[in-house]
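Letter by letter, the chains look like this.
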Amino acid sequence: MSAEDSVHPPHGETESDLLDRLRAGDETAFATLVDTLHGPLLAFARTFTRSGSLAEDIVQETWVAVIQGLGGFAGRSALRTWVFGILANRARTMAAREARRERPLGDSLEMAASSEWRPGMGRAGLWEDSPQPWEGLDPALLYQSEEALEVVRAALEALPENQRRCVLLRDVEGLSGEETCNILGLEETNVRVLLHRGRARVRRALDAYVLDGSRPQSAAVPARSSRSGKEREA
């Protein structure tokens, strides 16, 4: 279990100590768990539904299941990973009841009729040209830019559901590939494909933003004037 995957209990307490207190019904321990995971769980739940209220319900059902299942949790995985796995199961069940236009959650991984990269397909779907360098731009300043973060958030929200789940679990929550496979019920190859696609789309969105000020339409920030526009004004 890596430090990235643990719940980080307070005051140097180990995750095993936190788990003991949870099993003993310690309300403070449960509050610690909720404070740490509720936001990430809600973000993950939103990859299963477009309904904000349903996402909230999924998270609440997850917490109920956590309370009911603590006695049977053997600790073979990180506590964080176990909770995310519960949410994935609850989300599939609850979202399946909803009549939505989206295709069923169990559908294939957007492989068919896709020009994106697939194992064994050589360069098919890879970058035709290497990503353009972000000349003169300090990566640290870009990372700290709230506007750039909004572009990333918008690009992440625009990803297909399976890609967004993989990026959230691997790159946002820092879970391992094996844990991500177990939570999503996917093969390692499928996770690698989805992760590659999701990361590539986010990178393309950042490229467009850095190079000419473009941004995903759902970004909640005004677009910067493009370089071409500035040149026309000059």
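Remember, predicted model here, so these are calculated numbers, not experimental data.

Undergrad: So what exactly am I meant to see when it comes to the packing of aromatic side chains here?
TA: Both the distance between ring centres and the angle between the ring planes are used here to describe each pair of aromatic rings. Tallying each qualifying case throughout the model produces four aromatic pairs. Measuring from centroid to centroid gives 5.6 Å for Phe 44 and Phe 84, while their planes differ by 55°, and the two rings are tilted. Here Phe 84 lies in helix α4 (residues 79-96) and Phe 44 lies in helix α2 (residues 27-45), a separation of 40 residues in the sequence. Here the two residues Phe 44 and Phe 84 agree in accessibility, since each one is buried. Here the aromatic residues Phe 44, Phe 48 and Phe 84 are joined through ring pairs into a cluster of three or more. Taking NZ or CZ as reference, Arg 165 lies 3.8 Å from the ring centre of Phe 48, over its face.

Undergrad: What is the right way to look at the nonpolar core in this model?
TA: Generally speaking, a soluble globular protein has its nonpolar side chains buried in company with each other. Formed by 51 residues in total, the largest nonpolar core has its most connected members in Phe 44, Leu 79 and Leu 87. Listed by contribution, the elements that provide at least two residues to this core are α1 (15-23), α2, α3 (52-69), α4, α6 (146-158), α7 (161-172), α8 (177-184) and α9 (188-212). Sort the elements by how many residues they give to this core and α4 lands first, with nine residues. In this structure, Leu 87 is in contact with Leu 41, Phe 44, Ala 45, Phe 48, Ile 58, Val 59 and Thr 62, ignoring residues within four places of it in sequence.

Undergrad: So what exactly am I meant to see when it comes to the side chain of Thr 180 here?
TA: On the secondary structure map, Thr 180 appears in helix α8. Taking relative accessible area as the criterion, Thr 180 reaches 0% and is therefore assigned buried. Those residues within four positions of Thr 180 in sequence are excluded, and the remaining contacts are Leu 169, Arg 170, Leu 175 and Val 191.

Undergrad: Please clarify how the environment of Thr 93 should be interpreted in this entry.
TA: Following the sequence through the fold, Thr 93 ends up in helix α4. Thr 93 gets classed as partly exposed once you look at its relative accessible area, which sits at 43%. Measuring from C-alpha to C-alpha, the distance between Thr 93 and Ile 58 comes to 9.5 Å, with 35 residues separating the pair along the chain.

Undergrad: Would you mind showing me how to read a negative patch on the surface here?
TA: On the surface, Glu 56, Asp 57, Glu 61 and Glu 98 cluster together into a patch of negative charge. The residue Glu 61 is located in helix α3 in this model.

Undergrad: What is the right way to read the packing of α6 against α9 from this model?
TA: To describe two helices that pack against each other, one gives the angle between their axes and the distance between the axes. Across the interface, α6 lies against α9 with an axial gap of 9 Å and an inter-helix angle of 145°. Here α6 runs over α9; the crossing is right-handed. Facing α6, whose interface residues are Glu 147, Ala 148, Val 151, Val 152, Ala 155 and Leu 156, α9 presents Val 202, Ala 205, Leu 206 and Tyr 209. A breakdown of the residues in the contact of α6 with α9 according to their chemical character gives nine nonpolar, no polar and one charged.

Undergrad: Explain the confidence of the model for the chain to me, please; I cannot follow it from the model alone.
TA: Detailed reading of the predicted model is not advised wherever pLDDT is low. Confidence in the prediction for the chain averages 76 pLDDT; 65% of positions are at 70 or higher. Confidence drops under pLDDT 50 across residues 1-5; counting only partners more than four residues distant or on other chains, this segment forms 14 contacts. Under a pLDDT of 50 for its full length, residues 111-115 has, in the predicted model, seven contacts with residues more than four places off or in other chains.

What counts and how
- Residues numbered from 1 in each chain as written.
- Predicted model: local features only at pLDDT ≥ 70, side-chain atom pairs only at ≥ 80, totals over all residues.
- Heavy atoms only, no water.
- Phe/Tyr/Trp six-rings, centres within 6.5 Å; stacked < 30°, edge-to-face > 60°.
- Helix = DSSP H or I, 4+ residues; strand = E, 2+ residues; numbered from the N terminus.
- Buried < 20%, exposed > 50% of the residue type's maximum accessible area, 1.4 Å probe, protein only.
- Lys NZ or Arg CZ within 6 Å of the ring centre and 35° of its normal.
- Core = buried A, V, L, I, M, F, W, Y, C linked by side-chain atoms within 4.5 Å.
- Contact = heavy atoms within 4.5 Å.
- Patch = residues over 30% accessible without salt bridge, like charges linked within 9 Å, V, L, I, M, F, W, Y side chains within 5 Å.
- Areas by Shrake-Rupley, 256 points an atom, 1.4 Å probe, with all protein chains shown as cover.
- Salt bridge = Lys/Arg side-chain N within 4 Å of Asp/Glu carboxyl O.
- Lys, Arg positive; Asp, Glu negative; His and termini not counted.
- Charge placed at Lys NZ, Arg CZ, Asp CG, Glu CD.
- Axes fitted to C-alpha atoms, helices over the stretch in contact; angles between N-to-C directions.
- Left-handed = near helix turned anticlockwise from the far one by under 90°.
- Nonpolar A, V, L, I, M, F, W, Y, C, P; charged D, E, K, R; others polar.
- pLDDT = per-residue confidence, 0-100.

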